[in-house]
Amino acid sequence: MMTTLYVLHWVSALIIVIESVDKLHQCQGRFVDAKGCPALVLVILKGIAWIVMASASAGVLVSPFFRVNGQQVAYSVFVNPLPSLGECGVYLGFAVLVVRSWIKGLIAEINRAKMHQARETALIAEHQA
Amino acid sequence: MSAETAAAGVALYPSGSAAVGSGSSIAGLMAGAGSVPVPVLTILGVSLGLRPDILFAGFCGALVSILLLNSVPLVGEGVSARISNTVQRLFVALSSSVSAGYLTPLIVSIIPAMSEPWVLGSAFVIGGGARVMLQNFIKRYAEAIYPEHRPAVSAEGAPK
């Protein structure tokens, strides 16, 4: 049980770090393009949120490797390397949401490719007619 | 290297709780302030000497450089380009924090009187600038050390 929790926690944290660096890059473009105070505030809040999530998740990623005299320890911002069920659940739920958004993006990309293909086929048929 | 610098360099990597901190300098703080042992990154029983606080500062610096300075720009289009860019960004963030973790003790050994905010700030800057600054720094000094590898310069002064 503990090993499962441990692995799930670590994998969820990895997924969240991957997503957060991507989101931070998106925030960069919006930060440059932001016009006016409300838009800027929205971008800054989003950036802060993803930085907090990325740093906490990176803490989860490295925490199994921090040891004192061969013993695992919890250290400052880094979480307990042996997570509770609730802690693991929060990370896992968020990671599932992230994976859902990836699948959603992939489906949109496939649909876009299909539309593009159909449009090209129609154009060729029209040209031949 | 002076005796004081050498002492600070030794205190950076305490062996267990044997090392004792010295005053308010970062060497003392890094030594675990006397009795409290500070964890270091250990992989397969090998201590890598990376401090968590410095790693964290470097990682935050990398994130901020991705957020504000566009340190890893998007190249190409499509799903595969986005995936490769994301992986690149992840590794830039992780390797920037490792750079900060290994280079900041070097700065502390050069300037032993640095206080903790200075050390964490320099770790943040190293983490943020690792992608661009470090590359340029290494290129510049490599050219200074190995002039035969310097790019050829034409009569107008511009590189060919």
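Residues numbered from 1 in each chain as written. Chains lettered and ligands numbered in written order. Predicted model: local features only at pLDDT ≥ 70, side-chain atom pairs only at ≥ 80, totals over all residues. Heavy atoms only, no water.

### What about the nonpolar core?
Item 1. Judged by nonpolar contacts, the single largest core of 21 residues is most densely connected at A:L24, B:F59 and B:L63.
Item 2. Of all the elements in the fold, those that place two or more residues in this core are α1 (2-33) and α2 (37-62) of chain A together with α3 (52-68) and α4 (78-110) of chain B.
Item 3. Among the elements that make up this core, the one with the highest residue count is α2(A) (seven residues).
Item 4. Apart from residues lying up to four places away in sequence, B:F59 is in contact with A:V17, A:A54, A:S55, A:A58, B:A93, B:L94 and B:S97.
Item 5. If you look at the next biggest cluster of nonpolar residues, it comprises eight residues, including B:A57, B:V108, B:V119 and B:I126. (Core = buried A, V, L, I, M, F, W, Y, C linked by side-chain atoms within 4.5 Å. Buried < 20%, exposed > 50% of the residue type's maximum accessible area, 1.4 Å probe, protein only. Helix = DSSP H or I, 4+ residues; strand = E, 2+ residues; numbered from the N terminus. Contact = heavy atoms within 4.5 Å.)

### Things to note about the layout of surface pockets
Over the atoms a probe the size of a water molecule is rolled, and this reveals where empty space is left.
Item 1. In this model, the largest pocket occupies a volume close to 720 Å³.
Item 2. In this structure, the largest pocket is lined by 23 residues; those nearest its centre are A:E19, A:D22, A:W102, B:R82 and B:T86.
Item 3. The set of elements that each furnish at least two residues to the lining of the largest pocket consists of α1 and α3 (85-128) of chain A together with α4 of chain B.
Item 4. Among the elements that take part in the lining of the largest pocket, α4(B) stands out by supplying eight residues, more than any other.
Item 5. Its residues assigned to classes, the lining of the largest pocket shows nine nonpolar, seven polar and seven charged.
Item 6. Every residue lining the second largest pocket is counted, 18 residues in all, and those nearest its centre are A:A58, A:L61, A:V62, B:L94 and B:S97. (1 Å grid on protein atoms, 1.4 Å probe; cavity = no way out; pocket = protein on both sides within 12 Å on 5 of 7 lines; lining within 4 Å. Points joined across faces, edges and corners; volume = space filled by probe spheres on them. Nonpolar A, V, L, I, M, F, W, Y, C, P; charged D, E, K, R; others polar.)

### A closer look at the pattern of salt bridges
Item 1. Under the defined criterion, the tally for this structure stands at four salt bridges over all chains.
Item 2. A salt bridge links A:K23 to A:E19; its shortest N-O distance comes to 3.8 Å. Of this pair, A:K23 and A:E19 both sit in helix α1, four residues apart, roughly one helical turn.
Item 3. By relative accessible area, A:E19 is classed as buried at 6%.
Item 4. Notably, a salt bridge pairs B:R82 with A:E109, separated by 3.2 Å at the nearest N-O pair. Of this pair, B:R82 sits in helix α4 while A:E109 sits in helix α3, which puts the two residues in different chains.
Item 5. Given a relative accessible area of 41%, B:R82 falls into the partly exposed group.
Item 6. Several salt bridges converge on common partners, so that one network encompasses A:E109, A:R112 and B:R82. (Salt bridge = Lys/Arg side-chain N within 4 Å of Asp/Glu carboxyl O.)

### Some thoughts on the side chain of A:D22
Item 1. Note that A:D22 resides in helix α1.
Item 2. Side-chain polar atoms of A:D22 contact the side chain of B:T86, separated by 3.4 Å.
Item 3. Setting aside anything within four residues of it in sequence, one finds A:D22 in contact with B:T86 and B:R89. (Polar contact = N/O pair within 3.5 Å; in protein donor to acceptor, adjacent residues only side chain to side chain.)

Purely geometric stuff here, so don't read any function into it on its own.
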